[in-house]
Amino acid sequence: MEETLEKKPMASPPSSPPLAKKQKMSTTASDTEPEPENEPETETNPDPSSIPAERRRRYKRRKVAIFLGYCGYGYQGMQKNPGAKTIEGDLEEAFFHAGGVPEADRGAPRRYDWARAARTDKGVSAAAQVVSGRFYVDPPGFVDRLNGILPDQIRIYGFKRVTNAFNAKKFCDRRRYIYLLPVFALDPSAHPDREAVMASIGSGNELVKCLECSERGRKIPGLTGQDPVKLNGVASSVQCEAGDSDLKSMNADLIPEDAKQGDNGELGSVNDDTLKVGEESCIEKVELETAVNTEKSQFVYDDAVKQRFNAILKNYEGTHNFHNFTTRTKAEDPSARRYIISFNANSVVSLDGIDFVKCEVVGQSFMLHQIRKMIGLAVAIMRNCAPESLMEVALRKDVSINVPTAPEVGLFLDECLFSSYNKKWKSSHEEVSMKDYENEAEEFKMKFIYSHIASMEHKEGAVALWLHSLNRRNYPDFNYLETNSEPVGNEETKQECEKAELKEENLGQKESENMDVGEEEIKGEKLSGEESKETNLG
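Residues numbered from 1 in each chain as written. Predicted model: local features only at pLDDT ≥ 70, side-chain atom pairs only at ≥ 80, totals over all residues. Heavy atoms only, no water.

- An unreviewed UniProt entry lists the chain under the name Pseudouridine synthase I TruA alpha/beta domain-containing protein, with Rhynchospora tenuis given as the organism.
- Turning to the chain, the UniProt record has this under Sequence similarities (unreviewed entry): "Belongs to the tRNA pseudouridine synthase TruA family."
- The UniProt entry for the chain carries the following comment under Subcellular location (unreviewed entry): "Nucleus". (UniProt positions renumbered as here; feature names shortened; annotations may be inferred.)

Pasting the structure below:
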């Protein structure tokens, strides 16, 4: 009993004082840094000047709309795609390294409400793209931190505070794209295909084979995705458009006769002297042909050409079924119906000695390759490769035809418009527009986008090579009206289109009203407290 009584006090030792709670810190501070033990006055009465700014206040995420521009060269489009280099992929990493996104949300854009106003295709640029999300934009200098991380061909202009329900994709009313088309693309005699050259013989207005484009085709590796032909173990980039035998024949003319075939019918070996003679003759031919083309070409984008081109582009305006102007979308799919607000080509810009027609299209939204295919068919009609009545056939729901696709290099997103949002929230929030960044965007456009378009045409002849493929051999559907006796544009078809357009307009008005009502509900239910604070801060 005595031993038991003596051991009792040892069983319950006096309790130690509780540990002091660790001070809460912002996401930019280090969580593993130990608290100093020899500075008790820091917790009770700290000196504000001695504490870093990150520890003095806790930063909050802000819903913002970010304005940016980029040159699409070398990227596989805007949308993030695993295993591909995309604009969104670089942006996500930049937001993380700039402190806008925490480690837990890295690579998970849905967690911070990521949205883009437009989804550009591979190689397509943007002078004024808009993205939205919840980011840590404090402390000041967020834009400079982003631009310091991103490559030069991606530039952040700035950001603006928006409502918590804002979504760059859903709230964008219209998108304006511009396609810079070389003026010579509208000249039927410029860069003709082999069939056109043969057909013009003896007509009094003979066309000349374009050796300059043939030489360009030899210098561009992988133009058709085929392996280059090897001469004496050296890769020779003799490339041409897939299925375009006229460029093949032009490339064949540039190879010396004794180098074309060996004894066994294959490409034989060629010595250096033969190659040198062949190259010199090629250079002489190209220089002579260039001089001839310069002397004969008198084509200008005058009022008559402008009027005809604008009349062709005007056929796209309104609500139509554009299933022939995209890929992987069936005619019965409701998404194939799109509304084009305007389409014109009224001005010409001169870049590095080349005149370009500025084709401007404004629409609610666009599908994959839609604008490039609309330009492709319009150019084919202007060059008399296809009849103008084919335009009406291509917009029909019950007809499927193959439409040419113009090169992507001349296309860029010019602006995203948010008219409805700005009208509704003009009293409490900043206007979501490019007005504050016009000068910066124009400078970026001239330095990166315009210069890239001009250099690609000078070095590779992107549009010039494409023009050689616009013939009825590569696009048999140019003969659709000749091979099909069915009349085009009968009254029943027109009435059906008018009814569908009216129905589409009514549905669009209802969707707009529902979106406004839904936004009001979100504001009333979720943002009643936060919205008033945002109004005061904004």
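From this point on, the discussion continues.
Comments concerning the pairing of strand β1 (residues 62–70)
Piece 1. Among the nine residues in β1, nine count as buried, and that is most of the element.
Piece 2. Along β1, one buried face is formed by Arg62, Val64, Ile66, Leu68 and Tyr70 and the opposite face, lined by Lys63, Ala65, Phe67 and Gly69, is buried too.
Piece 3. Here β1 runs beside strand β4 (residues 154–161); their pairing, made up of seven bridges, is antiparallel. Residue pairing in the sheet places Ile66 in a bridge with Phe159 of β4. (Buried < 20%, exposed > 50% of the residue type's maximum accessible area, 1.4 Å probe, protein only. Helix = DSSP H or I, 4+ residues; strand = E, 2+ residues; numbered from the N terminus. Pairing = 2+ DSSP bridges.)

Some words on the packing of aromatic side chains
Piece 1. The full count for this structure, using the stated rule, is 19 aromatic pairs.
Piece 2. Look at Phe142 and Phe159: their rings are 6.1 Å apart centre to centre, the planes differ by 75°, and that puts the pair in the edge-to-face class. Pair noted here: Phe142 is in helix α5 (residues 142–149) and Phe159 is in strand β4, with a separation of 17 residues, a long-range link.
Piece 3. Here Phe142 falls in the buried class, since its relative accessible area comes to 2%.
Piece 4. Three or more aromatic residues link up through ring pairs in this structure, and these residues are Phe95, Tyr112, Trp114, Phe135, Phe142 and Phe159.
Piece 5. Looking at Lys85, its charged tip hangs above the ring of Tyr75, at a distance of 4.7 Å from the centre. (Phe/Tyr/Trp six-rings, centres within 6.5 Å; stacked < 30°, edge-to-face > 60°. Lys NZ or Arg CZ within 6 Å of the ring centre and 35° of its normal.)

Focus on helix α11 (residues 303–314)
Piece 1. Under the 1.5 Å per step criterion, the end-to-end length of α11 is 16 Å for twelve residues, consistent within 8% with the ideal 16 Å.
Piece 2. Among all positions in α11, only Val305, Phe309, Asn310, Ile312 and Leu313 are buried. Mapping the buried residues of α11 onto a view down its axis gives an arc of 155°, with all of them on the same face. Residues of α11 that are exposed and angled more than 90 degrees away from the buried face: Asp303, Ala304, Gln307 and Lys314.
Piece 3. Check the buried side of α11 and you find it contacts β5 (174–182), β9 (337–351), β10 (354–363), α12 (370–382) and α13 (390–394). (Expected span 1.5 Å × (residues − 1). Arc of directions from axis to C-beta. Contact = heavy atoms within 4.5 Å.)

A word on empty space enclosed by the protein
Piece 1. Under the definition given, this model contains one cavity of 30 Å³ or more.
Piece 2. If you add up the space inside the largest cavity, you get close to 40 Å³.
Piece 3. Forming the boundary of the largest cavity are Tyr179, Leu180, Pro182, Phe356, Val409, Gly410, Ile453, Glu457 and Val463.
Piece 4. Breaking the lining of the largest cavity down by element, the ones donating at least two residues are β5 and α15 (438–459).
Piece 5. No other element matches β5, which puts three residues into the lining of the largest cavity.
Piece 6. Of the residues assigned to the lining of the largest cavity, the class counts are seven nonpolar, one polar and one charged. (1 Å grid on protein atoms, 1.4 Å probe; cavity = no way out; pocket = protein on both sides within 12 Å on 5 of 7 lines; lining within 4 Å. Points joined across faces, edges and corners; volume = space filled by probe spheres on them. Nonpolar A, V, L, I, M, F, W, Y, C, P; charged D, E, K, R; others polar.)

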